[in-house]
Structure formats: C-alpha cells, structure tokens
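Listed here are the chains, written in short residue letters.
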Amino acid sequence: MTGQRVLVIFNPKSGSGDSGLPVFLGLLRAAGAQVVERELDADTPMSEYVRDVESFHAVVAAGGDGTVSSVSYASRYKNVPLLAYPAGTANLIAQNLDLPTTPEELARVVATGHAVRVDMGEVEVRGQTQGFAMLAGAGADAAMIKGSEELKEKFGALAYVMSAMKQMNPKKTTFTLTIDGQPREFEGIGVMVANFGMANFRLPITTDISPSDGRFTVILMQAGNLLRLVPNIIDSVRSKLNLGDPLFAGNLETIEAREVTVAAADPFPLQYDGELHEETTPFTARILPGAVRYLTPSTEAELTT
C-alpha cells in the first residue's frame, strides 16, 4: 500500500463499543498508506467530505449503516473503492458484504483492493432525495427501528430483537404502489424495497435478491405479525442450501422493479438502511445501477441470496 492515499470518514457517535478503528488506521499507515481522516459533524453536508474523493485510491466509511450509505451515495459513480467499516450497532451493510470484523482482517481487505460493483437505491420524499445501499421500508420494519432507538445505547444489537418482539400485532393498512408504472394495491403490515437481501447473521430475508442486477426486490409484507415471517427466512435458508422447494408461502410476495412509489392509507414513518425518518409515505425509490464499488473478500455471486 506504499504511497496509496486512503480517505477515512468516520462517525464518532456510531455504535456502543470499541470498533478497533485506531488499530485499523495504524495498520494502514504501517503498510505505507497515506491516511486522511475526516470526522463527521451534523452541520457539514456529506458532499463536502467527499469533494476530492477521486484523488484517493480508496475511501473508508466508518460508522453504522446510515454513515456507510451516506458516504456511498455522496461518492456514487466516482469509481473509488469503498470499505464499509463496521463501527455501528447492527452493521448490516458490512454483513451483506461478508466483511470480516477485526481491524487486521479489514486492513487486509483494503490492501488486496478487491471490489465488486453494486447498485444503490435513491429514495425521494417531498422532493428531497437520499441514498440507501441495503433497503428502504415503510410499515412494521420502520416501526421496529423506531422502537429500538431508545434501547440501542443500553442493549446494542439486541435492541432490534426486543423491539421486534413488541410488534406482535402491527398496524395493517392498505398500500397503494406504482411499480415500474404499473398500479398495485394490497393490505399488509409493510413494504420493503431491497437491494441487499440479508438480515442479521447473514440470514436471507428472501431468495434471489442481487445487489448487482439493476433491480430492486420489492417485498410486500402480508403477514399478520413479524413472527410469521420466520418461516420465510427458513425457506430462504433451505433454498440457499439446496434443501428443496419452499415449505411456506403466503406471508410475503416479491416483485422485481427499477422504480416504485409507495403510498399508504395510514401514514407510516420510513427507514432506509436502519435510519429512521419521521417523514411519512408516500415515497419513491429508484435504482442506481452500478453506483458504488465496495471492497469485499467475496464475489458478486456470493453476495446474492
């Protein structure tokens, strides 16, 4: 890595434990890299942090999923490999990229320079746009994240499980969608627009979600509660391991799309990449094909559920 310039953008407020970032930075410098550190603050737009990103050989986004997706979106189509350094609570983007967790292994990922080009999503609400790497959603998943906010500092990733357990009887409503120009209506507990397809512990949400095919997988959550979605995860694992046809059906419907607009009879908060936003439906999500190159030890095929 001698002479290579690495930009590190980090969120000092992410996570609740030691991410090993100082050790990681020390290893990069020991390998000869020129490391430039930029600490996020609430008053500076992300575009300012990546203003000269094309002058670097790699960029590291150190924080939670919100930090990673914000850096990714701000530097989209700049063709600079990006490491999603897991320094947050859930770090689902890093999990979907099958990244290691130790500073030593992460430094080796940067040193090898192996990257895969993947899609991003862009979500628009009331004329304002933001990016997401993993998924956006309205309904039960956003309500779960909202319920976890006050628990995260004390319980870490367990906060999401505790909040999910409270969603035994989530609100049902009628969702009205426009999927690639075609209208669709259904009654359910939520809609997820997924680019990556794995939940915690790399359990697939559903099958055949690829981050590199130029399309979203739109997931219509028709189950009566979140626990009823567990069989669908079991089906996804069975499919991944070639254990036979699905055993369960009816809780989820999946549709592929490049653009989707979601409206609901009852207003819902939104979440994208685990960050809760109080704006309510409607929202529009559109795919940004091949927008970012992520550093990862895995191949494109290995990142598909």
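Residues numbered from 1 in each chain as written. Predicted model: local features only at pLDDT ≥ 70, side-chain atom pairs only at ≥ 80, totals over all residues. Heavy atoms only, no water.

In this section: the overall build of the protein chain. Of regular secondary structure, the protein chain possesses 9 helices and 16 strands. A buried classification covers 52% of the 305 residues belonging to the protein chain. Per element, the accessible surface of the protein chain, about 13,500 Å² overall, is 50% carbon and sulfur. (Helix = DSSP H or I, 4+ residues; strand = E, 2+ residues; numbered from the N terminus. Buried < 20%, exposed > 50% of the residue type's maximum accessible area, 1.4 Å probe, protein only. Areas by Shrake-Rupley, 256 points an atom, 1.4 Å probe, with all protein chains shown as cover.)

This brings us to the nonpolar core. Core analysis: the largest hydrophobic core is formed by 63 residues, its most contacted members being Ile9, Phe24, Leu28, Leu83 and Tyr85. Those residues in contact with Leu83 that lie beyond four places of it in its chain are Phe24, Val59, Val60, Ala61, Leu99, Leu106, Val109, Val110 and Leu295. Membership of the second largest hydrophobic core comes to 23 residues, among which are Phe132, Ala138, Phe175 and Phe216. (Core = buried A, V, L, I, M, F, W, Y, C linked by side-chain atoms within 4.5 Å. Contact = heavy atoms within 4.5 Å.)

As a further point, take the packing of aromatic side chains. Working definition: an aromatic ring pair is given by the centre-to-centre distance plus the angle between the planes. Per the stated rule, a full pass over the model turns up 3 aromatic pairs. Seen in terms of ring centroids, Phe132 and Phe216 are 5.7 Å apart; in terms of plane orientation they differ by 15°. Their pairing is stacked. Taken together, the positions of Phe132 in strand β6 (residues 128-132) and Phe216 in strand β11 (residues 216-221) put the pair 84 residues apart, joining distant regions of the chain. Phe216 shares its class with Phe132; the two are buried. (Phe/Tyr/Trp six-rings, centres within 6.5 Å; stacked < 30°, edge-to-face > 60°.)

Direction vectors running N to C along helix α1 (residues 21-30) and helix α5 (residues 103-112) enclose 40°, while the axes themselves pass 9 Å from each other. Relative to α5, the element α1 lies oblique. Note on packing geometry: the crossing formed by α1 with α5 is right-handed. Residues Val23, Phe24, Leu27 and Leu28 of α1 form the contact with α5, whose participating residues are Pro103, Glu104, Leu106, Ala107 and Val110. Of the residues belonging to the contact of α1 with α5, the class tally is 8 nonpolar, no polar and 1 charged. (Axes fitted to C-alpha atoms, helices over the stretch in contact; angles between N-to-C directions. Parallel < 35°, antiparallel > 145°, perpendicular 65-115°, else oblique. Left-handed = near helix turned anticlockwise from the far one by under 90°. Nonpolar A, V, L, I, M, F, W, Y, C, P; charged D, E, K, R; others polar.)

At Asn79, a residue that is not glycine, the phi angle is positive and equals roughly 70°. By the element assignment, Asn79 lies in the loop between α3 (65-74) and β4 (82-86). For Asp180, which is not glycine, the phi torsion reads 50° and is therefore positive. Along the polypeptide, Asp180 turns up in the loop between β8 (173-179) and β9 (182-188).

Moving on, we come to the pattern of salt bridges. For the coordinates displayed, the defined rule picks out 10 salt bridges. In this structure, Arg215 and Asp213 form a salt bridge, with 3.8 Å as the shortest nitrogen-oxygen distance. Judged by its relative accessible area of 29%, Arg215 falls in the partly exposed class. A salt bridge links Glu259 to Arg286, with the shortest nitrogen-to-oxygen separation between them at 3.6 Å. In this pair, Glu259 sits in strand β13 (residues 259-264) while Arg286 sits in strand β16 (residues 283-295), placing the two residues 27 residues apart along the sequence. For Glu259, a relative accessible area of 37% gives the class partly exposed. Here the residues in one salt-bridge network are Glu122, Glu124, Glu259 and Arg286, joined through shared partners. (Salt bridge = Lys/Arg side-chain N within 4 Å of Asp/Glu carboxyl O.)

Moving on, we get to the pairing of β16. Of all the 13 residues making up β16, 10 are buried; the element is thus mostly covered by neighbouring parts of the structure. One ladder, built from 9 bridges, connects strand β5 (residues 115-125) with β16; its direction is antiparallel. Counted as the bridge partner of Val118 is Val292 from β16. Taken together, the 4 bridges between β13 and β16 define a ladder with antiparallel strand orientation. (Pairing = 2+ DSSP bridges.)

Attention now moves to α3. Among the 10 residues that make up α3, 8 are buried, leaving the element largely enclosed by the rest of the structure. Within the span of α3, buried status applies to Asp65, Gly66, Thr67, Val68, Ser69, Val71, Ser72 and Tyr73.

Next up on the list: the side chain of Ser69. Note that Ser69 resides in helix α3. When its relative accessible area of 3% is taken as the criterion, Ser69 is described as buried. Setting aside residues up to four positions removed in sequence, Ser69 forms contacts with Ile93, Met120, Gly131, Phe132, Ala133 and Asp273.

For α5, the complete set of buried residues consists of Pro103, Leu106, Ala107, Val109 and Val110. One face of α5 carries all of its buried residues, which in axial projection span an arc of 150°. Within α5, the exposed residues directed more than 90 degrees away from the buried face are Arg108 and Thr112. Among the structural elements, α1, β4 and β16 are those in contact with the buried residues of α5. Among the residues trailing α5, Gly113 stands out with phi positive, at a value near 75°. (Arc of directions from axis to C-beta.)

All right, on to the confidence of the model for the protein chain then. Looking at the protein chain as a whole, its pLDDT mean stands at 81, while 74% of the residues score no less than 70. Counted against residues more than four places away or in other chains, residues 144-149, with its pLDDT under 50, gives 14 contacts. Contacts of residues 227-241 to residues separated by more than four positions or lying in other chains number 31 contacts, the stretch itself having pLDDT below 50. (pLDDT = per-residue confidence, 0-100.)

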